[in-house]
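Summary of the model geometry
Listed below, chain by chain, are the residues.
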Amino acid sequence: MIQLRDGIYWVGAVDWSIRNFHGYITNRGSSYNSYLIVDEKVALVDFVKAPFAEEQIRRISEVIDPKKVDYVVANHAEPDHSGSIRRVIEACPNAEILATERCINTLWRYYGGDIKATPVEKKPSLKLGKRSLTFVPAPMAHWPDSMVSYVPEEKLLFSNDAFGQHLASSGRFDDEVDQAELMQEAETYYANILMPLWRSVGRAVKALEGVPVEMIAPSHGVIWRKDPGLILKSYQGWVAGETKLKAVVVYDTMWGSTQLLARAIADGIASKGVDVKVHCLGASHHSEVIADVLEARAVLVGSPTLNNHLFPSVAGFLAYMRGLKPVNKIGAAFGSYGWAGGAKKAVETELLAAGIQLIESDIDFVFKPSGDEAKRAYAFGESMGEKIVGA
Ligand code: FEO
């Protein structure tokens, strides 16, 4: 049994094998965290994904008879946190479900309107005994229904999706896992899940200022107990759009021409002391690329022209990035074509639609770039590097 505090248990599940989380590549798996507070009253915080329902019930049963659960708190209705609801209702027949009104409505849509639940708008806190639970709606951090729950007596925050990581691990706490992996997964998670919601996530982070928090227990990944300030500080930077001396060059290629240009541009940028990440979309998944975009100052996108338009992998990446709305970036387009161009213009249109400040480029060449054209690409990279350094 894993305890966060005396009488507060982790009763979730680790998903070692998930590799695709609705389009986000999760190479290190994930977890669906659920917590059990055993006091004079017993409260379960969050369900788990449906295939892990029996594991959740088994973990609860190792601590207490599930029939003794008095409350179940549903912080969020997305199925990775609500899928076990029917099994939990069956195993915990005496429990009152508490959730935001929007969460209850969403649960009804997914699982049926016969589910009985009390809106936290009518019951904003619960006295459990020595401990209590305070419910704080946090709309759009991640969905409109999202909520966090706080145990003031333990300075413990159940943050649901916020501060999570898609990271399967044998350790349940931040001090039990590799620190570089942990921060990489926290960053990748923010970039792919929360980046477009920076305003609402920022409001939630701001609201935590002045709230004593010694432990943050999210619904994915490990629990922050060693230094919750570390992830709070990272979120403060991300929601503020803070960037590093970093650029991302992302492209795909048909016969090597756009790749030649990508590498020349990257070398030019790097010559100015900028860290450059180069991603070929034939090798890198868009969710890996977007993790690098988060803290980059510049995003340069290259595409061959195929049938007068974008190469499909580049079109897919641009659509993904447009939805995630990265802030505080400059960008540029480049490419190659055979007889009629079109892709570079289409990249520019998409960069603008993503809210990226467009820097004009003339790096768009017919068939294979000549030596002089490759030099022009390098020089363009140098000029971008200077802009990045000066930003
Ligand atoms: Fe982890 Fe918004 O669900």
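Quick caveat, the model's predicted, so the values are computed rather than measured.

This part is about the domain arrangement of the chain. Each assigned domain of the chain is listed with its residue range as follows: domain 1 (2-239) and domain 2 (246-390). Distance between the C-alpha centres of domain 1 and domain 2: 38 Å. Between domain 1 and domain 2, the residue contacts involve 12 residues of the former and 12 residues of the latter. Surface buried jointly by domain 1 and domain 2 totals about 1200 Å² across both partners, of which 61% is contributed by carbon and sulfur atoms. When the area that domain 1 buries against domain 2 is broken down by residue, the three leading residues are E187, N192 and M195, summing to 41%. If you look at where domain 1 meets domain 2, you find 0 salt bridges. At the boundary of domain 1 and domain 2, one finds 5 residue pairs in polar contact (both at pLDDT 80 or more). Looking at the side of domain 1 that touches domain 2, the elements with two or more residues in it are β5 (24-25) and α5 (179-194). Among the elements that line the side of domain 1 that touches domain 2, the one with the most residues is α5, at 5 residues. Split into classes, the residues belonging to the side of domain 1 that touches domain 2 amount to 8 nonpolar, 3 polar and 1 charged.

Together, W339, V366 and F367 make up an exposed nonpolar region whose accessible area comes to about 410 Å². Positionally, W339 belongs in the loop between β20 (330-337) and α11 (343-353). Residue W339 is classed as exposed on the basis of its relative accessible area of 76%.

Here the focus is empty space enclosed by the protein. A complete count under the given rule lists 2 cavities of 30 Å³ or more for this structure. Of the voids in this model, the largest cavity is the one considered here, and its volume is about 70 Å³. A per-class count over the lining of the largest cavity returns 6 nonpolar, 1 polar and 3 charged. Taken together, domain 1 (2-239) and domain 2 (246-390) each give at least three residues to the lining of the largest cavity, which thus spans both.

Before going further, it helps to examine the packing of aromatic side chains. The tally for this structure, following the rule as stated, stands at 7 aromatic pairs. Arranged with centres 4.5 Å apart and planes meeting at 50°, the rings of F163 and Y235 form a pair that is tilted. Remark: Y235 occurs in helix α7 (residues 228-239) and F163 occurs in the loop between β15 (156-160) and α5; sequence separation between them is 72 residues. For F163, a relative accessible area of 3% puts it in the buried group. By relative accessible area, which is 0% here, Y235 ends up buried. Linked through ring pairs, F163, Y190, Y235 and W238 together constitute an aromatic cluster. In this structure, R172 is placed above the aromatic ring of W10, and the distance from its NZ or CZ to the ring centre is 4.7 Å. Cation over ring: R225 sits above F173, and NZ or CZ is 3.8 Å from the ring centre.

Cut-offs applied
- Residues numbered from 1 in each chain as written.
- Predicted model: local features only at pLDDT ≥ 70, side-chain atom pairs only at ≥ 80, totals over all residues.
- Heavy atoms only, no water.
- Domains from an automatic or database assignment.
- Contact = heavy atoms within 4.5 Å.
- Buried area = accessible area lost by both parts, 1.4 Å probe.
- Salt bridge = Lys/Arg side-chain N within 4 Å of Asp/Glu carboxyl O.
- Polar contact = N/O pair within 3.5 Å; in protein donor to acceptor, adjacent residues only side chain to side chain.
- Helix = DSSP H or I, 4+ residues; strand = E, 2+ residues; numbered from the N terminus.
- Nonpolar A, V, L, I, M, F, W, Y, C, P; charged D, E, K, R; others polar.
- Patch = residues over 30% accessible without salt bridge, like charges linked within 9 Å, V, L, I, M, F, W, Y side chains within 5 Å.
- Areas by Shrake-Rupley, 256 points an atom, 1.4 Å probe, with all protein chains shown as cover.
- Buried < 20%, exposed > 50% of the residue type's maximum accessible area, 1.4 Å probe, protein only.
- 1 Å grid on protein atoms, 1.4 Å probe; cavity = no way out; pocket = protein on both sides within 12 Å on 5 of 7 lines; lining within 4 Å.
- Points joined across faces, edges and corners; volume = space filled by probe spheres on them.
- Phe/Tyr/Trp six-rings, centres within 6.5 Å; stacked < 30°, edge-to-face > 60°.
- Lys NZ or Arg CZ within 6 Å of the ring centre and 35° of its normal.

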